[in-house]
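Below are the chains, spelled out letter by letter.
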Amino acid sequence: METATVTLNSGYEMPIMGLGTYSLSDEECYNSVTALLDAGGRLIDTAYMYHNETAVGRAIRDSDVPREEIFVITKLYPSQFDDPEAAIQLALDTLDIDYIDMLLLHHPGDGDVEAYLAMEQAVAEGTVHSIGLSNWYIEELEEFLPQVHITPALVQNEIHPYYQEPEVVPYIQSFGITVQGWYPFGGRGHTSELLGDETISAIAETHGVTSAQVILRWNLQRGVVVIPGSSNPDHIRENLDLFGFALTDEEMAQIAALNRDEKHDWY
């Protein structure tokens, strides 16, 4: 918490909070990444399937922030697994930021092990610094991990107070793998219910912060890195302002009690 970073098992440091760019269109994505960098944020999550890697790269190149201070995550989609070397090169060319800090497989699919082994080769070549997985759970990890050489540095899954993964998160962390949560506010169609939850709202009022900040802080105190999506510069700044308060053990328990095992996306 003190450094606002986590040291990954790959040896690289990654910010513990940043910006998810899912559903952000080209110009919207460019402006959001710019707002994040201007506000001091340094972690950006994108993907081949978001169709906005070009905008992410352009915003980074146009900023005054040194490249080495910025941490960029992108992902290969299963439709790319049949030629992973070409997919990795496409990501490098599209982003055009010299190297990729973290490359993930977007979700399990045919050829995922072979694609991951190609990502391992990219690590050896230095074009990719760290590699990991997205939307892998206990059963998938049990099958996958024995087949690869480099332990994933990151596993990124849907995590929010209504879908907390109480068994999955510690399982992943037991391997020295960092956990990152997407949809921290529940995802589209569910955000207003979650941010309006009485328990979360009451905790927010106690600390003089927003419900969104409470949810993000709850994640951080579980050791879960957060990448909330937003195109609103005020919300982007707010989502980075998580160190002026801490949740008590009782408040953490109150939020834990909200779990419904209610998944909001199919991954």
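See the structure printed just above.
These figures come from a predicted structure and were not determined experimentally.

Rules used in this analysis
Sequence order sets the numbering: in each chain, residues are counted from 1 along the sequence as written. With the structure being a predicted model, the display of local features is reserved for residues of pLDDT at least 70 and the display and counting of side-chain atom pairs for 80 or more, all residues being used for whole-chain, interface and lining totals. Computation of side-chain values: all heavy atoms of the structure, hydrogens and water removed. Comment: elements are numbered from the N terminus, with helices defined as DSSP H or I runs of at least four residues and strands as E runs of at least two. Burial classes: relative accessible area under 20% of the type maximum marks a residue as buried, over 50% as exposed, and values in between as partly exposed (1.4 Å probe, protein chains only). Identification of polar contacts relies on pairs of N or O atoms within 3.5 Å, with a donor-acceptor requirement for protein atoms, meaning one able to donate a hydrogen and the other able to accept it, and with residues adjacent in sequence counted only if both atoms are side-chain atoms. We call two residues contacting when some pair of their heavy atoms lies within 4.5 Å. We define a salt bridge as a contact between a side-chain nitrogen of Lys or Arg and a carboxyl oxygen of Asp or Glu at a distance within 4 Å.

**Student:** Teacher, can you tell me more about the side chain of Gln180 here?
**Tutor:** Its place among the elements puts Gln180 in strand β9 (residues 178-182). Using a relative accessible area of 0% as the deciding quantity, one classes Gln180 as buried. Polar contacts involving the side chain of Gln180 include one to the side chain of Gln156, which spans 2.7 Å. Sequence-distant contacts of Gln180, that is, excluding residues within four places in its chain, are made with Met14, Leu43, Asp45, Ile73, Leu154, Val155, Gln156, Asn157, Ile159, Val224, Val225 and Ile227.

**Student:** Please clarify how the pattern of salt bridges should be interpreted in this entry.
**Tutor:** Any two side chains of opposite charge can pair if their charged atoms end up close together. In total, this model carries 10 salt bridges according to the counting rule given. Here Lys75 makes a salt bridge to Asp45, at a shortest N to O gap of 2.9 Å. Of this pair, Lys75 sits in strand β5 (residues 71-76) while Asp45 sits in strand β4 (residues 43-45), placing them 30 residues apart in sequence. Note on Lys75: relative accessible area 1%, which makes it buried. The salt bridge involving Lys263 is made with Glu158; its shortest N-O contact spans 3.3 Å. Here Glu158 lies in strand β8 (residues 154-158) and Lys263 lies in the segment after α11 (249-256), a separation of 105 residues in the sequence. Accessibility expressed as a relative area gives 28% for Lys263, which makes it partly exposed. A relative accessible area of 0% places Glu158 in the buried class. Shared partners join several salt bridges into a network, and the residues in it are Asp26, Glu27 and Arg58.

Any functional reading would require information that these geometric values do not contain.
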